[in-house]
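Close look at the chain arrangement
In case you want the letters, here they are:
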Amino acid sequence: KGPHKWWMDAIIYQIWPASFQDSNGDGVGDLPGILSRLDYIKSTGATAIWISPFYDSPQHDMGYDIANYEKIHEPYGNMEDMDAIIKGCHDRGMRIFCDLVVNHTSDQHDWFKASRSSKDDPKRDWYIWRPAKYDADGNRQPPNNWRSCFNQSAWEWDEKTQEYYLHLFVVEQPDLNWECKAARQAILDSAVRFWLDKGVDGFRIDTASLYSKPMDFPDAEVTDPGAPHQPAFHLFSDGPNLEGYLRVLGKVFNEYDSMTVGEFPNASFERSVRATSAADPQMSMNFHFALCDWKRDMANDPYQLTQTETLSSFKRILSAQQTHVEGTDSWPSFFLENHDIARSTSRYISDAPEWRVASAKVLACLMATASGTLYIYQGQELGQVNFSPEWPLEEYLDVGSINYIKLVKERGGDLKQAHKGLAALARDHARTPVQWSSEANAGFSTAKPWMRVADEYKSINMADEDKDPKSVLSFYRKAIALRKEHLDTFGHGLFRLTDVENDDTIIYSKLGPDGKVAVVALNFTTKPQKFAVPPEAKGRKLQLLLSSLHDSVSDDSTLEPMEGRIYLAV
Ligand code: TEU
């Protein structure tokens, strides 16, 4: 184990600014809205916030396309508002994290405008420019066959300077050239130090795995025959100089005793450990996506569910995720939701009206007892669920969803199936407004929200849940308080899964210091389920700390339908 750091104990609440709280009646969330909800966030038990990009941006990818790192996106507010949030967090004893998006900028960033202005511009080399290739018939072709993460070619032709530039995301998100020292320096000054000097406590590092590309840009092998561009993630992820670049960042973060969490989508667990080693820190911790990718057809079509995976496969991934840092000096994170994935209740258990409250609480038990730094996504603590599969395709506003539909249409694919996939997995589900009350627009805004409010807001909302001791919110508060009370065992303990092949329940022990043992039993079905005491707790008495359904239980070997329990084994 590495030395203890403050961020190991953090419970971080992620805010998606456009959908969190509107304060000025324009239908878009904003910074004063966030400020007005800091007390609420603190009341959940969270100890920190992370705000997704709020920087000046033309919003081709909801702010992950940044035009100026040192300016606020106007509809969200201004720098004074941001200063007030930083102070508001610190005054409440909370930490604040920002998003660091430095794989790419917006095409409207001054750096890119200069870079594309001429081949001789001093900033030409700050982005990745390559000449065209020509096929046998003399037709212009991009430098290679890579498909961007949003399903287009990863290259865009620039008429003026007659070269292609690389964009691993949308056309309006040109990739920065990390090989260029001046660009690296500018990134460190503008995107990193500027905010650390302002007092933010660290960053979530967007696409931390993509900074170093193989600069010879080899073609990807054809794995999607007939497609115009080929998946190439394996080629541009974790490139030759990545570790060096992450260390450069790590050094700066160290100077400020700040925290970073990297987004490293397809890293192996071993790679994750290497990136987060206390002895050689590239980042404080990493987001590992294996649980998010469960039941998702990552190899062929990430917007479609697989039919073969079961709860036991989820458990095997969970166990690997929870134990992968054991015996190392690395530190893990734990999350079930973020702005890029559908809602966990819908994804992992059931959002059927009669089960969704119980389901959300079962997942809250998992969250509260998971090893690592905990991340909660806005609305998760309310049990917000995916919006209805009946919503038409026009309600999907995410560029990922839009481009997916475009591609399916272009290729003459099955639109109905595509819609079904989006209804289960689209990023849009996480981006509907937070449901604050049963009032108009769910209390999010007095105007029509930029994105439609989920239909369930009359029964799933903060104001009602706040008053109801049986609500998801009340349960989250209890579960988080319990996590804090037993942080040595839940946050820092060892995870031991039992009854691995069982597809109905998840049963595990957490081993804390001095022989302390906790037992967690989760029923993922709508029927009662028997469970056996895990070997680590054999011979001990189970003392109930929390049940998701009752104040006390009479049978310590049977879970009620969709019940979660947390015991101490004494
Ligand atoms: O996501 C990076 C990333 O790899 C995504 O392609 C992710 O796998 C996908 O969204 C899953 O559906 C980050 C941000 O989290 C995302 O919101 C941005 O769109 C992206 O970077 C570009 O900055």
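Residues numbered from 1 in each chain as written. Predicted model: local features only at pLDDT ≥ 70, side-chain atom pairs only at ≥ 80, totals over all residues.

By the naming in an unreviewed UniProt entry, the protein is Maltase, taken from Pseudomicrostroma glucosiphilum.

1. Quick look at the sheet that holds strand β19 (residues 505-511)
A sheet is described by the order of its strands in space; here five strands give the open sequence β18-β19-β20-β24-β22, paired in antiparallel fashion. Taken across any chain shown, the strands that pair with only one partner, and hence form the sheet edges, are β18 (494-498) and β22 (542-547). Strand-to-strand, the axes of this sheet are offset by a mean angle of 25°, without reference to chain direction. One ladder, built from six bridges, connects strand β20 (residues 517-523) with strand β24 (residues 564-569); its direction is antiparallel. (Pairing = 2+ DSSP bridges. Helix = DSSP H or I, 4+ residues; strand = E, 2+ residues; numbered from the N terminus. Axes fitted to C-alpha atoms, helices over the stretch in contact; angles between N-to-C directions.)

2. Concerning the domain arrangement of the protein
Partitioning the protein into domains gives domain 1 (7-105 + 181-392 + 427-473), domain 2 (110-166) and domain 3 (493-569). Using C-alpha coordinates to define each centre, domain 1 is positioned 29 Å away from domain 3. Of the residues lining the interface, 19 residues belong to domain 1; the matching set on domain 3 comes to 21 residues. For the side of domain 1 that touches domain 3, the secondary-structure elements that each account for two or more residues are α10 (311-323) and α12 (356-369). Residues that form the side of domain 1 that touches domain 3 fall into these classes: seven nonpolar, eight polar and four charged. (Domains from an automatic or database assignment. Contact = placed C-beta atoms within 7 Å. Nonpolar A, V, L, I, M, F, W, Y, C, P; charged D, E, K, R; others polar.)

3. Comments concerning the sheet that holds strand β17 (residues 373-377)
Here we have eight strands laid out as an open sheet, ordered β13-β12-β11-β5-β2-β1-β17-β16, and parallel in their pairing. Strands at the two margins of the open sheet, each flanked by one partner only, are β13 (285-287) and β16 (333-335). The average angle at which neighbouring strand axes cross in this sheet is 25°, direction not considered. Examined bridge by bridge, strand β1 (residues 11-15) and β17 share four bridges and lie parallel to one another. Residue pairing in the sheet places Y13 in a bridge with I376 of β17.

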